[in-house]
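Inside the fold
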Amino acid sequence: MQNHDILFVQGAGEGAHAEDQALATYVQNTLAPGHALRYPKFSGLENVVYKTWKDEMAAELKAGGDPRIVVAHSLGGAAVLKYLAQERRDLSLAGLFLIATPYKCADGEWGGDDFALPVDFAATVPSMGVIVLYHSADDEWVPFSHLARWAEKLPGATSRAFTDRGHSFSAKAFPELIADIRSL
């Protein structure tokens, strides 16, 4: 097994970092010792301000080095896509794993804020080994239809649909994510 550095990006809103801690800890404990996971607290996501998050992300990558794998939950996933498309076209990832990510393109109902991506963002996202999208039909925050919207924009991505994981994906084991990371 190759050693990959993993960056886990939290979802948005006050308390999001604490809420996503269970999933980040699960990923770290299940993949250890072969993988090192970094889980910084992004105040730009807690306060839902893209410019703050973008500056914090740049500082995190400078301090911690470029990760080989990014796992992002909820709005953190849309933020990572925007960052890759607009700021870090040179960042080469072995894998990008997006969990319950709201569709934030300008042509969607959730696209009207500073986290929104241009409709053609996929043309400027750097190439990467694997993109996997995870979403559950019982997500209480992000409509399940957003999975299909992302799949349209990222045709090379693998979509994994669930019926019982909710929004946080932390109430149960998540062997599919672990298997996808290990497959790299």
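First, a word on scope: everything that follows refers to the structure included in this document. As the structure is a prediction and not an experimental result, all values here were calculated from the model. (Residues numbered from 1 in each chain as written. Predicted model: local features only at pLDDT ≥ 70, side-chain atom pairs only at ≥ 80, totals over all residues. Heavy atoms only, no water.)

Observations concerning empty space enclosed by the protein
Stated formally: Cavities and pockets were defined on a 1 Å grid built over protein atoms only: a cavity is a set of grid points that admits a 1.4 Å probe from which the probe cannot escape, a pocket is an open set flanked by protein on both sides within 12 Å along at least five of seven lines, and lining residues are those with an atom within 4 Å of any such point. Grid points are joined across faces, edges and corners, and a volume is the space filled by probe spheres set on the points. Under the scheme used here, helices are H or I runs from DSSP no shorter than 4 residues and strands are E runs no shorter than 2 residues, and both carry numbers assigned from the N terminus.
Applying the stated criterion across every chain, the model contains 1 cavity of 30 Å³ or more. Its boundaries defined by the atoms lining it, the largest cavity holds a volume of some 30 Å³. Contributing to the lining of the largest cavity are L98, A100, T101, L133, Y134, H135, L147 and W150. Residue assignment for the lining of the largest cavity shows that the elements contributing at least two residues are β5 (128–136) and α5 (145–153). A per-element tally of the lining of the largest cavity places β5 first, with 3 residues.

Remarks on the nonpolar core
We count it as follows: Put simply, a nonpolar core is a bunch of buried Ala, Val, Leu, Ile, Met, Phe, Trp, Tyr and Cys residues held in one set by side-chain atoms that sit within 4.5 Å of each other. The buried label applies to any residue whose accessible area, calculated with a 1.4 Å probe on protein chains only, is under 20% of its type's maximum; exposed applies above 50%, and partly exposed to all values in between. Residue contacts are counted whenever heavy atoms from the two residues lie within 4.5 Å of one another.
Core analysis: the biggest nonpolar cluster contains 35 residues, and V9, W53, V80, L96, F121 and W150 have the highest contact counts within it. Elements supplying a minimum of two residues to this core: β1 (4–9), α3 (50–64), β3 (69–73), α4 (75–86), β4 (93–99), β5 and α5. Setting aside its immediate chain neighbours within four residues, F121 contacts L81, A85, C105, W150, K153 and L154. Within the second largest apolar cluster, 21 residues are counted, among which are L31, L37, V71 and F162.

Here we look at the layout of surface pockets
To be explicit about the condition: Residue polarity follows a fixed list, in which Ala, Val, Leu, Ile, Met, Phe, Trp, Tyr, Cys and Pro are nonpolar, Asp, Glu, Lys and Arg are charged, and the others, Gly among them, are polar.
Within this model, the largest pocket holds a volume of roughly 270 Å³. In terms of lining, the largest pocket is formed by 19 residues, of which the most central are G11, A12, G13, S74 and H167. Element by element, the count of residues in the lining of the largest pocket is highest for helix α1 (residues 16–31), at 3 residues. Among the residues making up the lining of the largest pocket, the classes are represented as 8 nonpolar, 6 polar and 5 charged.

Here's the deal with the packing of α1 against helix α6 (residues 175–182)
Angle between the axes and distance between the axes are the two parameters that describe a pair of packed helices. The condition is simple: Note on geometry: axes are lines fitted to C-alpha atoms, helical ones only across the stretch in contact, with angles between N-to-C directions running from 0 to 180 degrees. Orientation categories follow fixed angle ranges, with anything under 35 degrees roughly parallel, anything over 145 roughly antiparallel, 65 to 115 roughly perpendicular, and all other angles oblique. A crossing counts as left-handed when the near helix is turned anticlockwise from the far one by less than a right angle, and as right-handed when that turn is clockwise.
Their axes nearest at 11 Å, the elements α1 and α6 cross at an angle of 50°. Looking at the two axes, α1 sits oblique to α6. In this structure, α1 meets α6 at a crossing whose hand is right-handed. Every residue of α6 that contacts α1 at Y26, V27, T30 and L31 is listed here: P175, L177, I178, I181 and R182. Residues belonging to the contact of α1 with α6 are distributed by class as follows: 7 nonpolar, 1 polar and 1 charged.

Description of the packing of aromatic side chains
This is how the line gets drawn: Pairing of aromatic rings covers Phe, Tyr and Trp, the last through its six-membered ring, and needs centres within 6.5 Å; plane angles under 30 degrees mean stacked, over 60 mean edge-to-face, and all others mean tilted. Placement of a positive charge over a ring is assigned whenever Lys NZ or Arg CZ falls within 6 Å of the ring centre and within 35 degrees of the normal to the ring plane.
This model, assessed by the stated rule, comprises 11 aromatic pairs. For the pair F8 and Y39, a centre-to-centre distance of 5.3 Å together with 85° between the ring planes defines the contact as edge-to-face. Remark: Y39 occurs in the loop between β2 (35–38) and α2 (43–46) and F8 occurs in strand β1; sequence separation between them is 31 residues. Exposure class is identical for F8 and Y39. Each is buried. A connected cluster of aromatic rings, assembled from ring pairs, spans F42, Y50, W53, Y83 and F115. In this structure, K82 is placed above the aromatic ring of Y50, and the distance from its NZ or CZ to the ring centre is 4.4 Å.

Describing the packing of α3 against α4
Running from N to C, α3 and α4 cross one another at 70°; their axes reach a closest spacing of 11 Å. Here α3 is positioned roughly perpendicular relative to α4, judged by the angle of their axes. Counting all contacts with α3, which are made through Y50, W53, K54, M57, A58 and L61, the residues of α4 involved are A79, V80, K82 and Y83. For the contact of α3 with α4, the residue count by class is 8 nonpolar, no polar and 2 charged.

A closer look at the environment of D138
Rules: Nitrogen and oxygen atoms within 3.5 Å of one another constitute a polar contact, given that in protein one can donate a hydrogen and the other can accept it, and given that sequence-neighbouring residues count only through two side-chain atoms.
Among the structural elements, D138 can be located in the loop between β5 and α5. For D138, a relative accessible area of 35% puts it in the partly exposed group. Each C-alpha atom of the pair D138 and G64 lies 35 Å from the other, and the pair is 74 residues apart in sequence. Contacts of D138, omitting those with residues within four sequence positions, involve T163, D164, R165 and G166. A distance of 2.4 Å separates polar atoms of two side chains, one belonging to D138 and the other to S136. Within polar-contact distance, the side chain of D138 engages the backbone nitrogen of R165 at 3.2 Å.

That is the geometry; function is a separate question.
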